[in-house]
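Residues per chain are reported as follows:
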Amino acid sequence: MNFEGLDPGLAEYAPAMHSALDPVLDAHLNPSLLQNVELDPEGVALEALPVQESVHIMEGVYSELHSVVAEVGVPVSVSHFDLHEEMLWVGSHGGHATSFFGPALERYSSFQVNGSDDIRQIQSLENGILFLTKNNLKYMARGGLIIFDYLLDENEDMHSLLLTDSSTLLVGGLQNHILEIDLNTVQETQKYAVETPGVTIMRQTNRFFFCGHTSGKVSLRDLRTFKVEHEFDAFSGSLSDFDVHGNLLAACGFSSRLTGLACDRFLKVYDLRMMRAITPLQVHVDPAFLRFIPTYTSRLAIISQSGQCQFCEPTGLANPADIFHVNPVGPLLMTFDVSASKQALAFGDSEGCVHLWTDSPEPSFNPYSRETEFALPCLVDSLPPLDWSQDLLPLSLIPVPLTTDTLLSDWPAANSAPAPRLRAPPVDAEILRTMKKVGFIGYAPNPRTKLRNQIPYRLKESDSEFDSFSQVTESPVGREEEPHLHMVSKKYRKVTIKYSKLGLEDFDFKHYNKTLFAGLEPHIPNAYCNCMIQVLYFLEPVRCLIQNHLCQKEFCLACELGFLFHMLDLSRGDPCQGSNFLRAFRTIPEASALGLILADSDEASGKGNLARLIQRWNRFILTQLHQDMQELEVPQAYRGAGGSSFCSSGDSVIGQLFSCEMENCSLCRCGSETVRASSTLLFTLSYPDGSNSDKIGKNYDFAQVLKQSICLDQNTQAWCDNCEKYQPTIQTRNIRHLPDILVINCEVNSSKEADFWRMQAEVAFKMAVKKHGGEISKNKEFALADWKELGSPEGVLVCPSIEELKNIWLPFSIRMKMTKNKGLDVCNWTDGDEMQWGPARAEEEHGVYVYDLMATVVHILDSRTGGSLVAHIKVGETYHQRKEGVTHQQWYLFNDFLIEPIDKVSCNIPVSSSFSLLVKNPIEASVLLAEASLARKQRKTHTTFIPLMLNEMPQIGDLVGLDAEFVTLNEEEAELRSDGTKSTIKPSQMSVARITCVRGQGPNEGIPFIDDYISTQEQVVDYLTQYSGIKPGDLDAKISSKHLTTLKSTYLKLRFLIDIGVKFVGHGLQKDFRVINLMVPKDQVLDTVYLFHMPRKRMISLRFLAWYFLDLKIQGETHDSIEDARTALQLYRKYLELSKNGTEPESFHKVLKGLYEKGRKMDWKVPEPEGQTSPKNAAVFSSVLAL
């Protein structure tokens, strides 16, 4: 703050004024402040007592709470509320600092900071307090100990400091520069030049540094370079104070008059969005200090030196009724500060008194303050007596004085002489003889001439259920730390893919899946949702509706899910991957906002909470599918997957399947009732209140817990239109219409909910045991691990199916009935109930719904791998009919690509549906016709293909040459084993960049009809130009000259070709289709890699095959997909010629032997061409030259 323009009388003040202070009271000092206050000869008060012991404070209105004396007669120069503790700091003109604790202003510490200069600014840090004087910066602990003392240049005259971060400080003053000081090294790191000298006030926001100058200007500076971005010429005389909040800057100061400087009663207000002044604010006091107090609104507190304070809005009009008086002891107020919580105001006057004003009787200075450390009294005299008769008495309890003499416990020097370690025994000669070196590391088999260690290994118990696994260490070390590995069954553990040199070709997926259903690969980012994708697929109405959906939206989850379902239909036990679906999933902003997209590091380390994640994903995918299908009729904005309600579901078939219509009633205590209709796609279980001790042994029926969760009844704060304020209301939920598919999130997110399920399962198990004639001892508690033992023939219980008892709390069917008074009856439903009711009576009963348990998703806890998600799904008859040709129902376990049938649960309740279950292919032939390119710079002269005409549409069995080029999105992650071999942890993530399809017959044979470059929004790590021919910029719509399309557009073209039954000819098509994420039947793939391959021999490159059989030299500098697709077609023609259409395999086998012999002689390298092109290359396709 600039003191020059405040009061001329302050310039006459000298520090020697208080050194010989007579203990006679000043005429302006209130005698009541100094009751029982002792004055030392230097005039410093030893105790400061509050004015009144009890003060009445009106809630919400600032009133004076306490006033204390810091130093009698010495003006207060600065005040500061501690940002970390409940303390108020005060600095005086005499260089003395005093701190007060709490709203009672109890003196905490008092110490001298500087002997001659006044304290000009105080800043609190976590470990201490910064004090700024004229040319000194001192960092002291809150008790008064000096942490560092940094002396500035004697010519410096500092007035302000600003803490930019936890370790960087800006210091400014009347000179023409600002210093940057590193608090860690206590050194000056930067000196910024200031065009207008005299920086007395500094503020900071997330956009600018604000510097207030003595000339009346406020400059806005860049946060990185400290250069001036804007400048406001606020006052013609001098600046007194300013503050910044949000988009507003308010300043007060002095204007130049004929008689000198005069306090300006107009506050200058500036809009930081438009960088211009708005209407000045006229106030009724002489403003010397101002602060924003943004509690309910952006209020301004304007303080005058005479003690008047006025509150007003910066964009409104000042009201004289909003003025209150501080009543300082001295004639002037010297400082003003506002606490971080905005509940307290501090004023310091010219007589050394501090006044605390608050808006509540018990204010807090900070929203979250840490506990203040107080000095503890000496406890030596209060130590308990020691009993020497106790042999185990620790002698460390006896306080002993410090001494420099030799202690009795010191070990004699003769007994503490250093002794060298025993030399290591020599290495066995057999080990040295058989050692093989890889680099600087040697390896040798263990001759077993010495014991490995002294602890014998435990013999591993053989168990067919919990057998060994690669994650279970063979060593006994650490077994006690991770006992859960023995409790997790092998089929429930997290499955991983072991990669080799051939990638996935030699990985045995059939070992994990002996069914004809398709699993999903888990190595793709965010593949934690695989189990929920399988659940949606095996819901027959959902699968049919999703596969019938097709729209023009590029990233549509419903379309991508339909494509993935189509792959699952075509697969005969081979795993699929949802890379395209997850690619579209990552592009949706709502998924990222809900935290559904995991980072690679979090997914690999298992840091994400999979239980919470999959429940949020379940809610999100249902809402997103509902929206995608609804947009076909009525485009609608996304309402957020976090809420339970959404817009009308009448236009969406997903809404008709999953939507539950309900009424939410809010009853205020005034009697006003509000009823709102809403819908939800799923319900969340709400568990009974109370501690675990109250629930032990108490039986809660699952149907009743579900009913309480659906018909929720709770007390909460809500807005009442009648009372016009928030009031306690009773909120109830009534069901108007039940859904066809009931989805429940169990919310088992902590051990509390898990313990509830465990206890209910145990209680239900005991009840079932007693019901079947078994007996359970009262002294013995059965755990879930004991169930298998009870089910054995040697156990107490003899039951035909122990699995039925273990899962008895979660019913396999529930019955819901809507009553006439808008109520809901929920009960468990068994086969016996069906026989008692009969199917006819159940159908006649109006409003009765019987739900069968179709799928569950569970979280497997495993601290080593982070856990995993698996699904239990009841696969219906239609799926078995399509895959296996049989009609039955079976429960399966789906653990990514591991699929295994589990105990069959028979259920004879029919599921009726009014929805069409026929899948119609929505892809039409028009997708192959000409389309516009996304690239802005593409010209017709750059066209590399001719689209198909209507008379050229391919038929069943037609040949199509195909080749694709890829780019790398993520590099491969591998590790080097101790024996020098390389192990792939995670393969590189590829993305298709170019797809080319060539006509395989007809007059235009060899001419491409698809040559699409795929636009991508993801960051490309490597364009692989040497192998793909893709260059940076080819996939950018702004600068590309290629025919650029979306992946979905090209995907639809390939899907149409697959569906009509064409045969694809290419080289290495398995990898191409895998990256494109297509499932092609094997009888539609003609791969030249396998046509010209001998068993147990290496695969041969397309370049070598073209040189050997066709005398073509291709792939000279880079690869070209058109050239590769044509060459593959020629090789297939050559194969038919050499094998006589497959009728002479022996003669073709001789050709292959000659091929391999030639390749070994030439090391599989094509000789360098003598000319630019092969002479045969020009005459291969004469029709291509016309293109």
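Residues numbered from 1 in each chain as written. Predicted model: local features only at pLDDT ≥ 70, side-chain atom pairs only at ≥ 80, totals over all residues. Heavy atoms only, no water.

Considering the overall build of the protein chain
Item 1. In terms of regular secondary structure, the protein chain is built from 26 helices and 53 strands.
Item 2. With 1187 residues in all, the protein chain has 46% of them scored as buried.
Item 3. Counting only carbon and sulfur atoms, one obtains 52% of the accessible surface of the protein chain, whose full area is about 63000 Å². (Helix = DSSP H or I, 4+ residues; strand = E, 2+ residues; numbered from the N terminus. Buried < 20%, exposed > 50% of the residue type's maximum accessible area, 1.4 Å probe, protein only. Areas by Shrake-Rupley, 256 points an atom, 1.4 Å probe, with all protein chains shown as cover.)

Digging into the packing of aromatic side chains
Item 1. Taken as a whole and assessed by the stated rule, the structure comprises 45 aromatic pairs.
Item 2. Ring centres 5.2 Å apart and planes at 25 degrees place the aromatic pair Phe-336 and Phe-347 in the stacked group. Placement of the pair is Phe-336 in strand β28 (residues 333–338) and Phe-347 in strand β29 (residues 344–349), with a sequence separation of 11 residues. Considered together, Phe-336 and Phe-347 belong to a single accessibility category, that of buried residues.
Item 3. On the basis of an interplanar angle of 65 degrees and a centroid distance of 5.2 Å, the ring pair of Tyr-687 and Phe-756 is categorised as edge-to-face. In this pair, Tyr-687 is assigned in the loop between β35 (683–684) and α11 (692–695) and Phe-756 in helix α13 (residues 751–771), connecting sequence segments 69 residues apart. The burial state of Tyr-687 is the same as that of Phe-756; both residues are buried.
Item 4. Taken together through their ring pairs, the aromatic side chains of Phe-1092, Phe-1104, Trp-1107, Tyr-1108, Phe-1109, Tyr-1132, Tyr-1135, Phe-1148, Tyr-1156 and Trp-1164 make up a single cluster.
Item 5. Directly above the aromatic system of Phe-235 lies the positively charged group of Lys-268, at a separation of 4.9 Å from the ring centroid. (Phe/Tyr/Trp six-rings, centres within 6.5 Å; stacked < 30°, edge-to-face > 60°. Lys NZ or Arg CZ within 6 Å of the ring centre and 35° of its normal.)

Notes on the pairing of strand β7 (residues 129–132)
Item 1. Side chains Ile-129 and Phe-131 of β7 all project onto a buried face; the interleaved residues Leu-130 and Leu-132 project onto the opposite face, where all are buried too.
Item 2. Bridge count between strand β6 (residues 121–124) and β7: 4 bridges; the pairing is antiparallel. Its bridge partner lying in β7, Ser-124 is registered against Ile-129.
Item 3. Connecting β6 to the next strand, β7, in antiparallel fashion are 4 residues.
Item 4. Strand direction decides the pairing type here: β7 and strand β8 (residues 136–140), joined by 4 bridges, are antiparallel. Counted as the bridge partner of Leu-132 is Leu-137 from β8.
Item 5. Counting the residues between successive antiparallel strands, the hairpin from β7 to β8 contains 3 residues. (Pairing = 2+ DSSP bridges.)

Details of the packing of helix α23 (residues 1102–1110) against helix α25 (residues 1145–1161)
Item 1. Two elements in contact, α23 and α25, have axes whose closest approach is 12 Å; the angle formed by their N-to-C orientations is 115 degrees. With respect to the hand of their crossing, α23 and α25 are arranged in right-handed fashion. For the pair α23 and α25, contact is made by Phe-1104, Leu-1105, Trp-1107, Tyr-1108 and Phe-1109 and by Val-1151, Gly-1154, Leu-1155, Lys-1158 and Gly-1159, respectively.
Item 2. Residue composition of the contact of α23 with α25, by class: 7 nonpolar, 2 polar and 1 charged. (Axes fitted to C-alpha atoms, helices over the stretch in contact; angles between N-to-C directions. Left-handed = near helix turned anticlockwise from the far one by under 90°. Contact = heavy atoms within 4.5 Å. Nonpolar A, V, L, I, M, F, W, Y, C, P; charged D, E, K, R; others polar.)

Describing the packing of helix α4 (residues 540–547) against helix α5 (residues 557–570)
Item 1. For the pair α4 and α5, the least separation of the axes is 8 Å and the interaxial angle reads 115 degrees. By the angle class used here, α4 and α5 are roughly perpendicular. For the element pair α4 and α5, the recorded crossing hand is left-handed. Note on element contacts: α5 touches α4 through Ala-558, Leu-561, Gly-562, Phe-565, His-566 and Asp-569, opposite Arg-543, Ile-546 and Gln-547. (Parallel < 35°, antiparallel > 145°, perpendicular 65-115°, else oblique.)

Overview of the pairing of strand β2 (residues 76–81)
Item 1. Burial analysis of β2 places 6 of its 6 residues in the buried class, the great majority of the element.
Item 2. Counted along the chain from β2 to the antiparallel partner strand β3 (residues 87–92), the turn is 5 residues long.

Points about the UniProt feature "binding site: a divalent metal cation" (unreviewed entry) in the protein chain
Item 1. Under the feature "binding site: a divalent metal cation" (unreviewed entry), the UniProt entry names Asp-963, Glu-965, Asp-1072 and Asp-1124. Over a stretch of 162 residues, the named residues converge on one spot in the fold, their C-alpha atoms separated by at most 12.8 Å.
Item 2. Tracing the sequence through the fold places Asp-963 in strand β46 (residues 959–970).
Item 3. Given a relative accessible area of 7%, Asp-963 falls into the buried group. (UniProt positions renumbered as here; feature names shortened; annotations may be inferred.)

As for the nonpolar core
Item 1. In this structure, Tyr-528, Ile-533, Phe-585, Trp-617, Phe-658, Leu-1057 and Phe-1064 are the most contacted members of the largest nonpolar core, which totals 94 residues.
Item 2. Summarising the domain contributions, this core has at least three residues from each of domain 1 (492–630 + 653–659 + 876–908 + 915–922) and domain 2 (952–1161).
Item 3. The residues touching Phe-1064, leaving out its near neighbours within four places in the chain, are Val-960, Leu-962, Leu-1054, Leu-1057, Ile-1058, Leu-1069, Phe-1073, Val-1080, Gln-1084, Val-1085 and Leu-1086.
Item 4. If you look at the next biggest cluster of nonpolar residues, it comprises 29 residues, including Phe-1092, Phe-1109, Ala-1128 and Trp-1164. (Core = buried A, V, L, I, M, F, W, Y, C linked by side-chain atoms within 4.5 Å. Domains from an automatic or database assignment.)

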